[in-house]
Amino acid sequence: MFLNSMNRKGHNFLAVRRLWHRHLTTGNTRGNLATTVGKREMAVDQDISNITLRIADKVDRNLHLQRGHPLNTIKSMIEGHFKQVSAANPKYQFECIDNLPPMVTTKQCFDELLTPPDHVSRKLSDTYYIDKDHVLRTHTSAHQTELMRMGKDAFLCTGDVYRRDEIDSSHYPVFHQMEGVKIFDPSELPSPSNPSSDESIEYVQQDLKMHLEGMVKAIFGDVEMRWVDAYFPFTDPSLELEVYFQGDWLEVLGSGVIQRKILGNCDLNHTNGWAFGLGLERLAMVLFDIPDIRLFWSDDPRFIEQFRPGEVTKFVPYSKYPPCYKDVSFWKPEGFHENDLCDLIGSVAGDLVETVELIDNFTHPKTNKVSLCYRINFRSMDRNLTNAEVDDLQGQIRGEMVDSLGCELR
Ligand code: FA5
Ligand code: MG
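Rules and cut-offs
Residues numbered from 1 in each chain as written. Chains lettered and ligands numbered in written order. Predicted model: local features only at pLDDT ≥ 70, side-chain atom pairs only at ≥ 80, totals over all residues. Helix = DSSP H or I, 4+ residues; strand = E, 2+ residues; numbered from the N terminus. Buried ≥ 20, exposed ≤ 12 C-beta atoms within 10 Å, placed from the backbone. Contact = placed C-beta atoms within 7 Å. Near = placed C-beta within 6 Å. Nonpolar A, V, L, I, M, F, W, Y, C, P; charged D, E, K, R; others polar. Pairing = 2+ DSSP bridges. Expected span 1.5 Å × (residues − 1). Axes fitted to C-alpha atoms, helices over the stretch in contact; angles between N-to-C directions. Core = buried A, V, L, I, M, F, W, Y, C linked by C-beta atoms within 7 Å. Parallel < 35°, antiparallel > 145°, perpendicular 65-115°, else oblique. Left-handed = near helix turned anticlockwise from the far one by under 90°.

1. Regarding the overall build of the protein chain
Then comes step 1: Scanning the protein chain from N- to C-terminus turns up 12 helices and 16 strands.
Then comes step 2: For the protein chain, with 410 residues in total, the buried portion stands at 39%.
Then comes step 3: Looking at the protein chain alone, contacts between residues at least 24 apart form 68% of all its contacts between residues at least 6 apart.

2. Description of helix α9 (residues 280–288)
Then comes step 1: Most of α9 sits out of view: 9 of its 9 residues are buried.
Then comes step 2: For α9, the full list of buried residues reads L280, E281, R282, L283, A284, M285, V286, L287 and F288.
Then comes step 3: Considering only its buried residues, α9 is in contact with α4 (70–88), β8 (174–183), α7 (198–220), β10 (235–245), β11 (248–258) and β12 (273–279).
Then comes step 4: Following α9 by one or two positions, D289 adopts a phi angle in the positive range, close to 60°.

3. Things to note about the site of ligand 1
Then comes step 1: Surveying the vicinity of ligand 1 reveals 24 residues, the closest of which are H139, F175, G254, G277 and G279.
Then comes step 2: Where the shell around ligand 1 is concerned, the elements lending two or more residues are β8, β10, β11, β12 and α9.
Then comes step 3: A per-element tally of the shell around ligand 1 places β11 first, with 6 residues.
Then comes step 4: Considered class by class, the residues forming the shell around ligand 1 number 8 nonpolar, 11 polar and 5 charged.

4. Considering the pairing of strand β13 (residues 324–331)
Then comes step 1: Where β13 meets strand β15 (residues 370–378), 8 bridges bridge the pair, whose relative direction is antiparallel. Considered in β15, the bridge of C324 is made with F378.
Then comes step 2: Both β13 and strand β16 (residues 408–409) contribute to a ladder of 2 bridges, which runs antiparallel. When the bridges of β16 are listed, F330 appears paired with L409.

5. Structural notes on α7
Three or four residues apart is the spacing at which side chains of an α-helix point the same way, because the helix has 3.6 residues per turn.
Then comes step 1: With 23 residues, α7 should cover 33 Å at 1.5 Å per step; its first-to-last C-alpha distance of 32 Å lies within 8% of that length.
Then comes step 2: The complete set of buried residues in α7 reads S200, I201, V204, Q205, L208, H211, L212, M215 and V216.
Then comes step 3: The inward-facing, buried residues of α7 contact α4, β9 (225–232), β10, β11 and β12.

6. A look at the sheet that holds β11
Then comes step 1: In space, the 7 strands of this open sheet follow the order β3-β7-β8-β12-β11-β10-β9, with mixed pairing throughout. A strand with exactly one partner marks an edge of an open sheet, and here the two such strands are β3 (95–97) and β9. The sheet shows a mean angle of 25° between the axes of neighbouring strands, direction not considered.
Then comes step 2: The sheet contact formed by β10 and β11 spans 9 bridges and is antiparallel. Its bridge partner lying in β11, S238 is registered against G256.

7. Describing the sheet that holds strand β14 (residues 353–363)
Then comes step 1: Read across the open sheet, the 4 strands follow the order β14-β15-β13-β16; overall the sheet is antiparallel. The open sheet has two edge strands with one neighbour each: β14 and β16.
Then comes step 2: Relative to β14, helix α11 (residues 338–349) is tilted by about 145°, and along the sheet it contacts β14 and β15.
Then comes step 3: On the sheet, helix α12 (residues 387–405) packs against β13, β15 and β16 and is oriented at approximately 20° with respect to β13.

8. Comments concerning the nonpolar core
Then comes step 1: L283 and A284 are the most contacted members of the largest nonpolar core, which totals 75 residues.
Then comes step 2: Counting residues per element, this core draws most heavily on α9, which supplies 7 residues.
Then comes step 3: With residues near it in sequence (within four places) discarded, L283 still touches I74, V252 and L278.
Then comes step 4: Grouped together as the second largest cluster of nonpolar side chains are 18 residues, C342, I345, Y374 and M401 included.

9. With respect to the pairing of β12
Then comes step 1: Counting buried residues in β12 gives 7 out of 7 residues, a clear majority hidden from the surface.
Then comes step 2: Alternating residues of β12 divide into G273, A275, G277 and G279 and W274, F276 and L278, and every residue in both groups is buried.
Then comes step 3: Judged from the 5 bridges that link them, β11 and β12 form a sheet pairing that is antiparallel. Bridge pairing in β12 places G254 opposite G277.

10. Things to note about the packing of α4 against α7
Then comes step 1: Two numbers describe how α4 lies on α7: the axes approach to 10 Å, and their chain directions differ by 125°. Considered as vectors, α4 and α7 are oriented oblique to each other. In terms of crossing hand, the pair formed by α4 and α7 is right-handed. Every residue of α7 that contacts α4 at M77, I78, H81 and V85 is listed here: H211, M215, A218 and I219.
Then comes step 2: The residue inventory of the contact of α4 with α7, partitioned by class, reads 6 nonpolar, 2 polar and no charged.

11. Overview of the environment of D45
Then comes step 1: As for its placement among the helices and strands, D45 is situated in the loop between β2 (40–43) and α3 (53–56).
Then comes step 2: D45 gets classed as partly exposed once you count the C-beta atoms within 10 Å, which come to 16.
Then comes step 3: The contact partners of D45, leaving out residues within four places of it in the chain, are D131 and K132.

12. A few points about the environment of Y162
Then comes step 1: Mapped onto the elements of the fold, Y162 is located in strand β7 (residues 154–162).
Then comes step 2: Residue classification places Y162 among the buried residues on the basis of 22 C-beta atoms within 10 Å.
Then comes step 3: Distance from Y162 to Y128, taken between C-alpha atoms, is 7.0 Å for residues 34 residues apart in sequence.
Then comes step 4: Other than its neighbours up to four places away in sequence, Y162 contacts I55, P102, Y128, L136, R137, T138, P173 and V174.

Structural data, given as structure tokens:
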């Protein structure tokens, strides 16, 4: 079940070894396949892992720690805001953590957060697995329970997170999140002897909204925002916050009142608390007017040299290069998942792909076979692409679709 069609061929997963080498602990016995997750030494399981070289190469980049990078600036601004909040209410001192490694156990990432066994986020189609028990974290919520068990009652935890996802201007397989958690002093709740009463839950939720609205206002000034009901296995009630940007509502964070069972598992039955997880890229796109999420990874000096540490300046585009699209039609093979296709396209063409869209989908009336047509939009952010180059990329993509995904091209 864990064997993904893409790694039957070996693809470029072997290259992942290089990455783990940089995370070696001393005294390992498994050569350059060994790595650490917390204090545990472990190896990448080549039969299971679906981590491509493109993704592995991003693991040590830590854009959120790179001074002057917009992601570092927005992180510092939010942390600075919460420092002010802590100064105004000394009972809760928000501690900032930003250096936890992204390799986590499935227990941390899913089980501890009450993610059901069949939840889509656990699937190989959505998550990068190191081996069957370890993943590249899909969200910073993976650290909630360990930090709560350490007795921390107010913290922000920032890091890189990894997801197999669609490709467009606001989705990228590696992005950055900031987790925020506040655990209440029970005496502050409206019904201290019953921390899970309706009024306590309402109180905690109002406090959560106040903190996040305050943060958005402090950083963005008067931006239009709205709360939307949401679902997360680990919070109840759950809410998402959307901000109006480029003519549309952009989801910037998920949040809610922490589930009783999670609090109980962390010895916090006597109280209540809230949590949020925000997408740093999404907020930085709004703040710096950055139109495409790929730009955060650009090493073009025309991007990075526009920004100064701690300063907010609007991004000045350096001319937009022409797009070029190619369509690919095929009969949908069994077990096909769009994320497999996007990951494959990303691993061949990297940041030269702007979007991947399904433009046609029909079922053959006699054979019942399903035909799909995807449009791949190629556009470089820093130069013109030649036709020959795009044809070559498209050729490689088509070849890999046949070899690795078992697609029958039309
Ligand atoms: C979560 O990841 C939850 N862990 C958030 C949470 C924490 C809820 C604590 C409750 C309590 P979600 O999958 O919606 O939720 O992602 C959170 C944010 O990450 C999104 O609002 C968005 O801003 C950002 N995000 C999600 N996917 C991508 C992506 N592919 N590229 C860039 N940003 C993304
Ligand atoms: Mg969401």
